[in-house]
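The residues making up each chain are set out below.
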Amino acid sequence: MSEYLQRLLADVKAKNPAEPEFHQAVQEVAESLEIVLEKHPEYKHAKILERMVEPERSITFRVPWMDDQGEIHINRGYRIEFNSAIGPYKGGLRFHPSVTMGILKFLGFEQTFKNSLTTLPMGGGKGGSDFDPKGKSDNEVMRFCQSFMTELFRHIGPNTDVPAGDIGVGGREIGFLFGQYKRLKNEFTGVLTGKGINWGGSLIRPEATGFGGVYFVKEMLRTIKEDIEGKTFAVSGFGNVAWGAITKINQLGGKVVTISGPDGFVYDKDGIYGEKVDYLLEMRASAKDTVKDYSDKFRAEFVAGKRPWSVKVDVAMPCATQNELDADNAKELIKNGVKCVCEVANMPTTLEGYHTFREAKVLFAPGKAANAGGVATSGLEMSQNSMRLPWSAEEVDKRLHEIMVRIHDTCIETSDRFGTPGNYVNGANIAGFLKVADAMMDQGLV
Ligand code: NDP
Ligand code: 2IT
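First things first, this report covers the structure right here in the doc. (Residues numbered from 1 in each chain as written. Chains lettered and ligands numbered in written order. Predicted model: local features only at pLDDT ≥ 70, side-chain atom pairs only at ≥ 80, totals over all residues. Heavy atoms only, no water.)

Observations concerning the site of ligand 2
- Around ligand 2 sit 14 residues, and of these Lys90, Lys114, Asp166, Arg205 and Ser378 come closest.
- Its free accessible area being 300 Å², ligand 2 has 94% of it covered by the protein chains.
- Considering only residue class, the shell around ligand 2 consists of two nonpolar, seven polar and five charged. (Near = heavy atom within 4 Å. Areas by Shrake-Rupley, 256 points an atom, 1.4 Å probe, with all protein chains shown as cover. Nonpolar A, V, L, I, M, F, W, Y, C, P; charged D, E, K, R; others polar.)

Laid out in structure tokens, this is it:
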């Protein structure tokens, strides 16, 4: 890496101590941008990258709430407004006990590049709380969401910052958050995405991240003249994203043999299809947060405390969380002949894991390109809200599909143009960067 980029990384680490995920996300981008900055020193002179690693605004706030027994709890709420060069801040809210400023900064930083790739006018942001939804009643979740929004509402708006879901935030939470926003502002606007269908939501948004990831895999396989039909897949997680991906893989004739949770993974050699896919939604709604129930119900193998990357498959799609696939997992997948690895979670592969796949020349797509279908469909929800006209499921799915093909082709063309053909990570980072960087250059020193 050039001296300039090494210095930049050292500064990021010194200025943002104890935020290893943020350092990791910046390092991955910096590795890709070396070739761009050599060709275009104007970005260096304008300190574009130095500006991009500093959020435009970070907000933290107290979220007090009362449980069903009358006991008071205090959580921390966050919203990181990272970059608004190409549109209002846009990105999800994560409720999980592991949430810290560093986790949300890695997510907000990546979101800026991802949203740029979608072709839609959205800046980057992320937020959430260390609230743990596990085992909470609906009423407790509602009280938490109302308290969270009672502070957040003054920082967001349909033309300012538009949050959505992420881990631990689905349709139920978006409903409670929206209700409280409407009450405080006395206005009905598209301030959140992932809304219910009867009150401004978009068809296909729940499926969009998983569907988009599978459309992306289809294009990756096309480059080696192969298809999804007849292929076996390892999927991790069992949440919203895993469910959407598994649904679409089945529709396109592939076979999914794994899911995973914090308790371990399930290996179902007969494939996860039909009522088994519906059961994922039940497991998620139970708030128990385990996948062993699946193996008890459908007599599949359960492996406690392990990730699903030891199973022999053609395609691996990590759909759970960050850093869930390391270099050892990568070596195991490669040894078993994996053809394609597609990140659908955000940054599920460690840097060493990614380097291992790259050296073995395995097709590898980064989350910021392959999972962009979720936020892209949020962008389509914003368009429908602005027009006050809903689109049919077919219309939204068609647009989502076109967007994913375009993101794929942009990654390929851009990595080619910068002399690293077939490197989706470089393609995504460079194309995502150039659009935002040019907008920042146009808008002066802000
Ligand atoms: P859900 O809350 O629906 O599911 C998350 C899944 O990941 C659960 O199985 C969850 O179990 C597991 N998980 C989360 N954290 C950990 C952890 N530390 N260790 C082990 N397992 C964990 O979230 P989504 O499906 O929406 O999100 C999954 C991934 O996809 C995330 O990386 C998210 O950022 C990304 N993503 C989501 C989009 C969306 O539109 N929803 C869009 C683009 C990306 P547990 O609760 O026990 O942790
Ligand atoms: O990581 C992501 O892209 C999301 N969680 C979706 C964000 C959104 O605004 O729909």
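A word on the sheet that holds strand S12 (residues 363-365)
- Overall, mixed pairing links the seven strands, which are arranged S9-S8-S7-S6-S10-S11-S12 in an open sheet. Both edges of this open sheet fall to strand S9 (301-304) and S12, since each of them pairs with a single strand only. The sheet shows a mean angle of 15° between the axes of neighbouring strands, direction not considered.
- Examined bridge by bridge, strand S10 (residues 315-317) and strand S11 (residues 340-342) share two bridges and lie parallel to one another. Directly across from valine 315, in S11, lies its bridge partner cysteine 340. (Pairing = 2+ DSSP bridges. Helix = DSSP H or I, 4+ residues; strand = E, 2+ residues; numbered from the N terminus. Axes fitted to C-alpha atoms, helices over the stretch in contact; angles between N-to-C directions.)

As for the pairing of strand S5 (residues 161-164)
- Covered by surrounding structure in S5 are Asp161 and Pro163 together with Val162 and Ala164, the residues of both alternating faces.
- In terms of strand pairing, strand S3 (residues 89-95) meets S5 through four bridges, oriented parallel. The residue bridging lysine 90 from the neighbouring strand is valine 162, located in S5. (Buried < 20%, exposed > 50% of the residue type's maximum accessible area, 1.4 Å probe, protein only.)

What about the sheet that holds strand S1 (residues 57-66)?
- An order of S1-S2-S4-S3-S5 is seen for the five strands of this open sheet, with the pairing classed as mixed. Both edges of this open sheet fall to S1 and S5, since each of them pairs with a single strand only. On average, each strand axis in the sheet is inclined to that of its neighbour by 20°, with strand direction left out of account.
- On the sheet, helix H6 (residues 138-152) packs against S1, strand S2 (72-83), S3, strand S4 (124-129) and S5 and is oriented at approximately 140° with respect to S1. (Contact = heavy atoms within 4.5 Å.)

With respect to the site of ligand 1
- With respect to spatial proximity, 23 residues lie near ligand 1, and among them Asp166, Arg205, Pro262, Asp289 and Asn346 are the closest.
- A distance of 2.9 Å is found between an oxygen atom of ligand 1 and a side-chain nitrogen or oxygen belonging to histidine 96.
- Contacts to ligand 1 include glycine 168, whose backbone N or O atom sits 2.9 Å from an oxygen atom.
- The fraction of the free accessible surface of ligand 1 (860 Å²) that becomes covered by protein chains is 85%.
- Going through the elements one at a time, helix H8 (205-222) and helix H9 (240-251) are the ones with two or more residues in the shell around ligand 1.
- Classifying every residue of the shell around ligand 1 by side-chain character gives eight nonpolar, nine polar and six charged. (Polar contact = N/O pair within 3.5 Å; in protein donor to acceptor, adjacent residues only side chain to side chain.)

Regarding the packing of aromatic side chains
- Overall, the coordinates contain 21 aromatic pairs when judged by the stated rule.
- Centroid distance phenylalanine 22 to phenylalanine 109: 6.0 Å. Interplanar angle 90°. Geometry classified as edge-to-face. On the criterion of sequence distance, the pair formed by phenylalanine 22 in helix H2 (residues 20-39) and phenylalanine 109 in helix H5 (residues 101-117) is long-range, its members being 87 residues apart.
- Phenylalanine 22 sits in the buried class, given a relative accessible area of 0%.
- The exposure class assigned to phenylalanine 109 is buried, which follows from its relative accessible area of 2%.
- When the ring of phenylalanine 95 is compared with that of phenylalanine 144, the centres are 5.1 Å apart and the planes differ by 90°; the resulting orientation is edge-to-face. You can see phenylalanine 95 sitting in strand S3 and its partner phenylalanine 144 sitting in helix H6, a full 49 residues away along the chain.
- The exposure class assigned to phenylalanine 95 is buried, which follows from its relative accessible area of 1%.
- Cluster of aromatic residues (ring-pair linked, three or more members): Phe61, Trp65, Phe95, Phe131, Phe144 and Phe148.
- Directly above the aromatic system of phenylalanine 211 lies the positively charged group of lysine 248, at a separation of 4.4 Å from the ring centroid.
- Looking at arginine 399, its charged tip hangs above the ring of tryptophan 391, at a distance of 4.1 Å from the centre. (Phe/Tyr/Trp six-rings, centres within 6.5 Å; stacked < 30°, edge-to-face > 60°. Lys NZ or Arg CZ within 6 Å of the ring centre and 35° of its normal.)

Regarding the layout of surface pockets
- Within this model, the second largest pocket holds a volume of roughly 450 Å³.
- Around the second largest pocket, the lining is made up of 19 residues, and of these Gly200, Gln384, Asn385, Ser386 and Arg388 lie nearest the centre.
- Class assignment of the residues belonging to the lining of the second largest pocket gives a composition of eight nonpolar, nine polar and two charged. (1 Å grid on protein atoms, 1.4 Å probe; cavity = no way out; pocket = protein on both sides within 12 Å on 5 of 7 lines; lining within 4 Å. Points joined across faces, edges and corners; volume = space filled by probe spheres on them.)

A word on unusual backbone geometry
- Within the chain, asparagine 323 stands out as a residue other than glycine whose phi angle is a positive 50°.
- Its place among the elements puts asparagine 323 in the loop between S10 and helix H12 (327-335).
- On the basis of relative accessible area, asparagine 323 is assigned to the partly exposed category, the value being 24%.
- One non-glycine residue, arginine 388, lies in the positive phi region at around 55°.
- Along the chain, arginine 388 turns up in the loop between helix H15 (372-387) and helix H16 (393-417).

A look at empty space enclosed by the protein
- With the rule as written, the count across this model stands at one cavity of 30 Å³ or more.
- For the largest cavity, the calculated volume is near 40 Å³.
- Around the largest cavity, the lining residues are Gln24, Glu28, Glu343, Met347, Thr349, Thr350, Leu351, Tyr354 and Phe364.
- Contributing elements (two or more residues each) for the lining of the largest cavity: H2 and helix H13 (351-359).
- Considered class by class, the residues forming the lining of the largest cavity number four nonpolar, three polar and two charged.

Some thoughts on the environment of methionine 382
- Relative to the helices and strands, methionine 382 resides in helix H15.
- Each C-alpha atom, one on methionine 382 and one on alanine 234, is 33 Å from the other, the two residues being 148 residues apart in sequence.
- The contact partners of methionine 382, leaving out residues within four places of it in the chain, are Pro88, Lys90, Met122, Pro158, Val162 and Thr193.

Remember that the coordinates give geometry; whether it matters functionally is a separate question.
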